[in-house]
Amino acid sequence: MNVRRELATPWGSETGRVSGRPSPARLRVKRAVDVLLALTLLVLTAPVVAVAALLVLAQFGPPVCFSQVRTGRHGRRFRIYKLRTMSDERDADGALLPDGVRCRGIGPVLRRLSIDELPQLWNVLRGDLSLVGPRPLLPHYDPWYTDPERRRFLMPPGLTGLQQISGRNTLAWDDRLALDTRYVDEWSLRLDLWILARTVGKVLRGTGVVLDPSAHMLDLDQERQLTCLPS
């Protein structure tokens with residue numbers, strides 16, 4: 001994918017590449033917007049989440065939610081929540097079956113419409129996430145970022161972001177991380193609103209969703225072990 005072409009954006013004359021950290025005052029405004037919108041969305045989507053949770057319970061059994069530790073701002077670790085979209089089916093040796101096999105029934109529907117992500121609005125209220133930001137990744141990826149890529153930790157991680165509206169799981173790792181760094185360097189509230197508007201369109205179209213990413217690409221740590229050593 002041509003990331004430069006895909007990300008021609010309308011805010012370029014208003015913001016630009018910046019140096020240093022985002023100012024605390026601007027981040028407080030971002031946080032206030034997050035809380036207001038997250039509360040509104042929690043109320044509006046509560047019936048959808050309730051119905052989806054019942055369907056997950058009926059198909060996969062308890063627990064309804066899946067949680068996983070991710071790395072957030074300044075390297076702080078937190079637990080992210082999603083509705084389950086996969087069973088716990090295993091092979092004869094006790095190993096989990098591939099994601100594409102276990103994600104069935106209601107699972108692909110929840111992923112395609114991003115309904116499985118709605119519990120993360122609670123993470124937004126807690127302050128673990130922002131509505132928009134670099135996507136929080138697994139802690140065992142932490143040693144494998146380049147120095148420019150570590151700028152992702154200057155901002156709160158996001159429920160959506162530049163990489164999600166630019167290809168989601170179809171992007172190569174270098175492109176995903178470059179987009180996260182670009183977001184940090186060019187951040188503004190106008191950019192956040194533009195990304196949120198684009199996210200709605202992507203969700204309604206269900207584009208860029210891959211049921212089993214591991215079948216198409218290596219994990220970040222595996223890929224970079226082939227080419228470099230951790231810093």
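Residues numbered from 1 in each chain as written. Predicted model: local features only at pLDDT ≥ 70, side-chain atom pairs only at ≥ 80, totals over all residues. Heavy atoms only, no water.

Please clarify how the pairing of strand S1 (residues 65–71) should be interpreted in this entry.
Within a regular strand, side chains alternate between the sheet's two faces. In this sheet, strand S2 (residues 77–83) lies alongside S1 in antiparallel orientation, the contact comprising seven bridges. Looking at S2, one finds that threonine 71 is bridged to arginine 77. Hairpin connection of S1 to S2: five residues between the antiparallel strands, including histidine 74 at a positive phi of 60 degrees. (Pairing = 2+ DSSP bridges. Helix = DSSP H or I, 4+ residues; strand = E, 2+ residues; numbered from the N terminus.)

What should I look at first to understand the packing of aromatic side chains in this one?
Describing an aromatic ring pair means giving the distance of the ring centres and the angle of the ring planes. Going through the model one piece at a time under the given rule, you end up with two aromatic pairs. A centroid spacing of 5.4 Å and a plane angle of 80 degrees characterise the contact between tyrosine 141 and tryptophan 173, whose relative ring orientation is edge-to-face. Of this pair, tyrosine 141 sits in the loop between strand S3 (130–132) and strand S4 (158–160) while tryptophan 173 sits in helix H6 (residues 173–186); the two residues are 32 residues apart in sequence, bridging distant segments of the chain. An angle of 75 degrees between the planes, with centres 5.6 Å apart, marks the rings of tyrosine 145 and phenylalanine 153 as edge-to-face. By relative accessible area, which is 14% here, phenylalanine 153 ends up buried. Just above the ring of phenylalanine 153 sits the side chain of arginine 152; from NZ or CZ to the centre is 5.9 Å. Geometry around tryptophan 173 places arginine 176 over its ring, the cationic atom sitting 4.5 Å from the centre. (Phe/Tyr/Trp six-rings, centres within 6.5 Å; stacked < 30°, edge-to-face > 60°. Buried < 20%, exposed > 50% of the residue type's maximum accessible area, 1.4 Å probe, protein only. Lys NZ or Arg CZ within 6 Å of the ring centre and 35° of its normal.)

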